[in-house]
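# Coordinate inspection notes
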Amino acid sequence: MAAASSQIRAASLEEPLYYLYNIDSVIQWVRHHYEDIFSADEQYLLDTIQQLDITSRATLCRLIMRRGEWFRDDRLNYPEIGDINTPLRHLAEHDLIHYPAVCRLTELITLCRVAELRQLWAIHAEGPPPQGKDALLLQLSALDDGISRPLDEWWPTAPFQLISLRCQAIFDILKMLFFGNAQQDWSAFVLTELGHQRYEKVDLDDQHRAFANRTELDAFSAISALGEAHYLQLITPDQVLAHLPKKQAQLWIEYRRQKLLYRASHAIERQGRHQKALTLYRRCGYREAKIRQLRLMEKILPLPLVARYAGWLSKRAKRADWREAAEKVWVRSARKIGQSLPKRQRFSPQLQYIALEKPSYSVERVSREHFHQDEKPCYYVENALLPGLFALTFWEALFAPVPGAFFNPFQRRAADLYQEDFAARRSDIIAKAWHSMHQPNYSQHILTRYRDKAGVANPFAIWGLLDETLLEQALTCIPSAHLSAIFERMFSDLRQHSSGFPDLIQFNLTTGTYQLIEIKGPGDRLQDHQLRWLAYFEQHGIPAVVCHVSWHQP
DNA sequence: ACCTGGCACACACCT
DNA sequence: GCCCGCGCAG
DNA sequence: AGGTGTGTGCCACTGCGCGGG
Ligand SMILES: [Mn+2]
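Just so you know, these numbers come straight off a predicted model, no measurement behind them.

### Describing the sheet that holds strand S8 (residues 544-551)
Taken in spatial order, the five strands line up as S4-S8-S7-S6-S5 in an open sheet, and their pairing is mixed. Looking at the sheet topology across the chains shown, the edges are occupied by strand S4 (351-356) and strand S5 (378-380). Between one strand axis and the next, the sheet turns through 30° on average, direction left out of account. Both strand S7 (residues 513-520) and S8 contribute to a ladder of five bridges, which runs parallel. The residue bridging Glu518 from the neighbouring strand is Val546, located in S8. The sheet contacts of helix H24 (residues 468-477) involve S5, strand S6 (504-508) and S7, and relative to S6 the element is tilted by about 65°.

Set out below in structure tokens:
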């Protein structure tokens, strides 16, 4: 039933109940694709929700879209719903909300204004109220005895009733199943309707889905929740480790898990628990973990041992960035213990120095103006241009309706974009695109596609920095052999090799040549991945230079 | 796909 | 009365 | 001074009204 998924479309904002239609259609979509993932109780809950009258459903949606689980009814003002009390009572009858809700004092006071808090203070405490909302909240919350009471026991003359939402969890599950991630929410519908976000239209895949089963959903959900709590420092890294799900078979979930494991390990290192951190780093596959492992070893282990391991890794590691990091550690530690090292010529980029008036805006922009001439136009492009050309060249592959790649209409990328077999699974389409690069109409082809796709969300093209003139000049001045070389390296690791491009590009319209320019202001320096691109550029005859800017004395 | 990613920048420490 | 941050809405 | 490592800040759609200082 391909029809069921293609029915997902953002409702028109002309509709007063557009948000209800959006959420309704998500519930239908999720039940169609994921009915087996729900428990019987959850299915019953969804039935209950779907069978409510339209006004009650709309009210529920309004509550769901607000922050938190506690609301006061005097703050709900929805003309399209009208009288809100009837729907609220309906929702309460089905236990989807509590209304009027009993509450603890802390739950009440977070919804009150300062003047109201002072009234509560007069009722529950002695003496003059503390100054300022924070102090008032703090001292009132000390009076919370953990018991929930009807509102009028806390505040007999309260001018409102409280609502507490009882079904947030099921909507979180619906959201996660529909979007396939933890961060998109209902606003995605509105933003696309408003045109602030555009997504590629892909034939959606009805046979596959983001989560294969409940275990995967629960694992991902736990990882997201732990990650957020850890970030907000609501839990310790040890608590993260204690609750971290087991190794996941689904690669994209496993990636998330490893990343969180790394974050927790890093936090433990910062606590000074070096041995523990080292053990964790060793069994963490996340890219950064290996690099931190090396640096930590250098810090706490006997140098001969470090030098031996780093020396080995600098030759054997699978990843170039690991080898590079290992080499740095190796050179340092071996030198310290007096080992003589074979002289290795390290790549150093071509340098240039200019002095400019200190600007009020960014050094990249003032440098761009410095270089810019009519016949030698210079643009600030950073990661917009070359990855942008990559996207335009391989667009059909990036958005090919490969099984399991696209589930919902709000994806900026294929689900498997960063998997190792991404290119292999699209080899035919990619081969065609490679071929197109060597055709005489390649430029036209790219420009046509640009007009068609500009604005469509994707991980490569930053549309705001591109325009037709820039693309046209780029396609004229950059030989397709150069582009091929760049695209090839991008394909070798789409996650790591989509950034680190130089700030500026300057074309010479007279000679039909170009140059990439990385700007470095005072105190700034090349990052490792920028240097790797520069080394690669040199290897392939791609003209690139690092330009150090200093300020004229005023 | 926003608790992240990509960048410059600030500061500490080393030689 | 001003400015700022936040929650909310489209 | 220059090389390093490490942590931080900014930017994410736009605009309104409210509450707080
Ligand atoms: Mn730069």
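Anyway, onward from the coordinates.
### Considerations on the pairing of S8
The pairing of S4 with S8 spans six bridges and is parallel. Residue Tyr353 lies in a different strand from S8, and its bridge partner there is His548. Viewed along the sheet, the connection from S7 through helix H26 (residues 528-539) into S8 turns out right-handed.

### Describing the packing of helix H20 (residues 385-393) against H24
As a packed pair, H20 and H24 sit with axes 12 Å apart at the nearest point and diverge in direction by 85°. In terms of orientation, H20 lies roughly perpendicular with respect to H24. Taken together, the residues of H24 that come into contact with H20 (itself represented by Leu385, Leu389 and Leu392) are Leu470, Leu471, Ala474 and Leu475.

### As for the domain arrangement of chain A
By domain assignment, chain A separates into domain 1 (18-173), domain 2 (203-336) and domain 3 (351-551). Relative to domain 3, the C-alpha centre of domain 1 lies at a distance of 49 Å.

### A closer look at helix H17 (residues 303-316)
Given 3.6 residues per helical turn, the α-helix brings residues three or four places apart onto the same face. For H17, spanning 14 residues, the distance from its first C-alpha to its last is 19 Å, which sits close to the expected 20 Å at 1.5 Å a residue. Taken as a whole, H17 has its buried residues at Val306, Ala307, Ala310, Gly311, Leu313 and Ser314. Take H17 and look down its axis: the buried residues cluster within an arc of 170°, on one side only. Looking at H17, the residues exposed on the side facing more than 90 degrees away from the buried face are Arg308, Lys315 and Arg316. Tucked into the core, H17 has its buried residues touching helix H16 (287-300) and helix H18 (320-336).

### Observations regarding the environment of Leu234
Within the secondary structure layout, Leu234 lies in the loop between helix H12 (214-231) and helix H13 (237-243). For Leu234 and Glu357, which are 123 residues apart along the polypeptide, the C-alpha to C-alpha distance reads 47 Å.

### Section: the protein's contact with DNA strand C
Taken together, Leu13, Tyr18, Arg62, Arg66, Arg67, Tyr78, Val190 and Leu194 make up the full set of residues near DNA strand C. Take the atoms of DNA strand C that sit within 4 Å of the protein: sugar and phosphate atoms are 60% of them. At 2.9 Å from a phosphate oxygen of DNA strand C is found a side-chain nitrogen or oxygen belonging to Tyr18. Contacts to DNA strand C include Arg62, whose side-chain N or O atom sits 3.0 Å from a phosphate oxygen. Residues that form the surface near DNA strand C fall into these classes: five nonpolar, no polar and three charged.

### A closer look at the coordination of the manganese ion
Bound to the manganese ion are the protein donor atoms Asp503 (OD), Glu518 (OE) and Ile519 (O), situated 2.0 to 2.4 Å from the metal. One chain supplies every donor to the manganese ion, and in sequence these donors are spaced D-x14-E-I. Highlighted residues: Asp503 in the loop between helix H25 (480-492) and S6 and Ile519 in strand S7, separated in sequence by 16 residues. Accessibility classification places Asp503 together with Ile519 in one group, the buried group.

### Let's talk about a nonpolar patch on the surface
Residues Tyr231, Leu232 and Leu234 make up a contiguous nonpolar surface patch of about 400 Å² in total accessible area. When its relative accessible area of 46% is taken as the criterion, Leu232 is described as partly exposed.

What counts and what doesn't
- Residues numbered from 1 in each chain as written.
- Chains lettered and ligands numbered in written order.
- Predicted model: local features only at pLDDT ≥ 70, side-chain atom pairs only at ≥ 80, totals over all residues.
- Heavy atoms only, no water.
- Pairing = 2+ DSSP bridges.
- Helix = DSSP H or I, 4+ residues; strand = E, 2+ residues; numbered from the N terminus.
- Axes fitted to C-alpha atoms, helices over the stretch in contact; angles between N-to-C directions.
- Contact = heavy atoms within 4.5 Å.
- Right-handed = clockwise from strand over helix to strand, strands pointing away.
- Parallel < 35°, antiparallel > 145°, perpendicular 65-115°, else oblique.
- Domains from an automatic or database assignment.
- Expected span 1.5 Å × (residues − 1).
- Buried < 20%, exposed > 50% of the residue type's maximum accessible area, 1.4 Å probe, protein only.
- Arc of directions from axis to C-beta.
- Near = heavy atom within 4 Å.
- Polar contact = N/O pair within 3.5 Å; in protein donor to acceptor, adjacent residues only side chain to side chain.
- Nonpolar A, V, L, I, M, F, W, Y, C, P; charged D, E, K, R; others polar.
- Donors = N, O, S within 2.8 Å, 3.2 Å for Na, K, Ca; no water.
- Patch = residues over 30% accessible without salt bridge, like charges linked within 9 Å, V, L, I, M, F, W, Y side chains within 5 Å.
- Areas by Shrake-Rupley, 256 points an atom, 1.4 Å probe, with all protein chains shown as cover.
- Salt bridge = Lys/Arg side-chain N within 4 Å of Asp/Glu carboxyl O.

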